[in-house]
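Notes for the structure review
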Amino acid sequence: MARGLYLPKAMREAPRLDHGLRTPPPEPRTALLLNPFYPKDPHASVGVKTLFPTLALTSIASATPPAWSVRYWDENLLQGPPPSEPFPQVVGITVHLTFARRAFELARWYRARGATIVMGGLHVLSCPDECAPHADALVLGEGVQV
């Protein structure tokens, strides 16, 4: 790689999911909102220079009923795989074309352990038929209102 363009592995590869991990049963009224990892590109105008939380997920967190415990996890801002304790009853995942494959991988991992998967975002809106097999529910519209 040319000088000045080196990116650490954590910015190029998604955190590894432990497929052998045993998790507790889903905790009632817990939700995990996930922004999936996407590889950073030193040549892109967005991605390396503008790492910030998605407003969609933080807005959904603020609109969630108070009886629910909500956790937000952005794989691009935090190190390591998304949390599994307490194990969430509902996992909301935002999906964009850039990281759809990772979103589907996360959905499979959480769903196999008993979580209900809800997906929303631009890719879900554009390609609901592609996303439907990976989720229990799709948000096709404004997430906060839905």
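First, a word on what this report is: a plain description of the structure on this page.

Let's shift gears to the pairing of strand β4 (residues 116–120). Alignment of strand β3 (residues 88–94) against β4, held across 5 bridges, turns out to be parallel. Across the sheet, the residue bridging to Val-91 is Ile-117, located in β4. Remark: the β3/helix α3 (residues 100–111)/β4 crossover connection has right-handed handedness. One ladder, built from 2 bridges, connects β4 with strand β5 (residues 137–138); its direction is parallel. Each residue of the ladder has a partner; that of Met-119, found in β5, is Leu-138.

Through backbone hydrogen bonds, the strands of a sheet pair up, either in parallel or in antiparallel fashion. Pairing within the open sheet is parallel, and its 5 strands lie in the order β2-β1-β3-β4-β5. Either end of the sheet is taken by a strand with one partner, and the two such strands are β2 (69–74) and β5. Here strand β1 (residues 27–35) runs beside β2; their pairing, made up of 6 bridges, is parallel. Following the sheet pairing, Leu-32 is matched in β2 by Arg-71. Those strands touched by helix α2 (residues 55–63) are β1, β2 and β3, and its axis lies near 160° from that of β1.

Glancing now at the nonpolar core. Core analysis: the biggest nonpolar cluster contains 21 residues, and Leu-34, Val-91, Ile-93, Val-95, Tyr-110, Ile-117 and Met-119 have the highest contact counts within it. Every element with two or more residues in this core is listed here: β1, β3, α3 and β4. Ignoring anything within four residues of it in the chain, the contact list for Ile-93 reads Leu-34, Pro-36, Ala-103, Leu-106, Ala-107, Ile-117, Val-118, Met-119 and Gly-120.

The next point concerns the packing of aromatic side chains. A full pass over the atoms with the stated rule returns 3 aromatic pairs. Seen in terms of ring centroids, Trp-109 and Tyr-110 are 4.9 Å apart; in terms of plane orientation they differ by 80°. Their pairing is edge-to-face. Accessibility classification places Trp-109 together with Tyr-110 in one group, the buried group. Across the ring face of Trp-109, the terminal group of Arg-113 is positioned such that the distance to the ring centre comes to 4.1 Å.

This next bit is on the pattern of salt bridges. Under the counting rule described, the total for this entry stands at 4 salt bridges. Residues Arg-102 and Glu-105 are paired through a salt bridge, measuring 2.9 Å at the closest nitrogen-oxygen approach. With a gap of 3 residues between them, Arg-102 and Glu-105 both fall in helix α3, about one helical turn apart. Residue classification places Arg-102 among the buried positions, given a relative accessible area of 7%. In this structure Glu-105 comes out as partly exposed when scored by relative accessible area, which is 25%. Residues Asp-136 and Arg-111 are paired through a salt bridge, measuring 3.1 Å at the closest nitrogen-oxygen approach. Taken as a pair, Asp-136 in the loop between α5 (128–131) and β5 and Arg-111 in helix α3 lie far apart in primary sequence, 25 residues in all. Exposure remark for Asp-136: the relative accessible area of 44% places this residue in the partly exposed category. Each of the salt bridges in this network shares a partner with another, and the network as a whole consists of Glu-75, Arg-102 and Glu-105.

What counts as what
Residues numbered from 1 in each chain as written. Predicted model: local features only at pLDDT ≥ 70, side-chain atom pairs only at ≥ 80, totals over all residues. Heavy atoms only, no water. Pairing = 2+ DSSP bridges. Helix = DSSP H or I, 4+ residues; strand = E, 2+ residues; numbered from the N terminus. Right-handed = clockwise from strand over helix to strand, strands pointing away. Contact = heavy atoms within 4.5 Å. Axes fitted to C-alpha atoms, helices over the stretch in contact; angles between N-to-C directions. Core = buried A, V, L, I, M, F, W, Y, C linked by side-chain atoms within 4.5 Å. Buried < 20%, exposed > 50% of the residue type's maximum accessible area, 1.4 Å probe, protein only. Phe/Tyr/Trp six-rings, centres within 6.5 Å; stacked < 30°, edge-to-face > 60°. Lys NZ or Arg CZ within 6 Å of the ring centre and 35° of its normal. Salt bridge = Lys/Arg side-chain N within 4 Å of Asp/Glu carboxyl O.

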